[in-house]
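# Structural characterization, general
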Amino acid sequence: ATSAHAGSGPELARLRAEIADHETKFRLLKNQDITIRKLEASLSSLRDDMHSQVDTAVAAAQKDAEESAAARVADALGRERAARAKEEGARTELRAERAARAALESDVAGSNTDGQEEETTRAAERGVLL
């Protein structure tokens, strides 16, 4: 019986050492698992932050683009209004010029008619005098 205990002494020590080694590895694995979970949570948080930053940047860029487009549209509408006002001014000026020309032509035509009547009267007077 002593030899059975004597042989189991080194065996027992080896088994205890093996158990201690397994417990150390288990603690290490448990610590690694905790670290992995913390890293995964951190990664998830970073992804959420990144998505939030991207969404914010996209919204800001979209707002800037919309404001820029609105400014360009307003500028184009202003130029269009100015061009229409200039066109209307030119049309008004053209109408005034046409009216003045028509009045002048009427005066000239009236002068020619008066001149012809005067010439006819003079010719008649000369005929009477002769």
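See the structure shown above.
Below, the structure is looked at part by part. All of these numbers come straight from a predicted model, not from anything done at the bench.

Okay, the overall build of the protein next. Of regular secondary structure, the protein possesses one helix and zero strands. By the burial criterion, 0% of the 130 residues in the protein qualify as buried.

Another point: the pattern of salt bridges. The final tally for this structure, using the stated rule, is 10 salt bridges. Between Glu-80 and Arg-84 there is a salt bridge, with its nearest N and O atoms 2.7 Å apart. With Glu-80 and Arg-84 both in helix α1 (residues 2-129) and four residues apart, this pair spans about one turn of that helix. Residue Glu-80 is classed as partly exposed on the basis of its relative accessible area of 36%. Overall, Arg-84 belongs to the exposed group, its relative accessible area being 53%. Of the charged contacts in the structure, one is a salt bridge between Glu-105 and Arg-101, with a shortest N-O distance of 3.1 Å. On the criterion of helical spacing, the pair formed by Glu-105 and Arg-101 is a turn pair, its members being four residues apart in helix α1.

A grouping of Met-50, Val-54 and Val-58 is seen on the molecular surface, where their side chains present a nonpolar patch of about 260 Å² in accessible area. Tracing the chain through its elements places Val-54 in helix α1.

Definitions and limits used
Residues numbered from 1 in each chain as written. Predicted model: local features only at pLDDT ≥ 70, side-chain atom pairs only at ≥ 80, totals over all residues. Heavy atoms only, no water. Helix = DSSP H or I, 4+ residues; strand = E, 2+ residues; numbered from the N terminus. Buried < 20%, exposed > 50% of the residue type's maximum accessible area, 1.4 Å probe, protein only. Salt bridge = Lys/Arg side-chain N within 4 Å of Asp/Glu carboxyl O. Patch = residues over 30% accessible without salt bridge, like charges linked within 9 Å, V, L, I, M, F, W, Y side chains within 5 Å. Areas by Shrake-Rupley, 256 points an atom, 1.4 Å probe, with all protein chains shown as cover.

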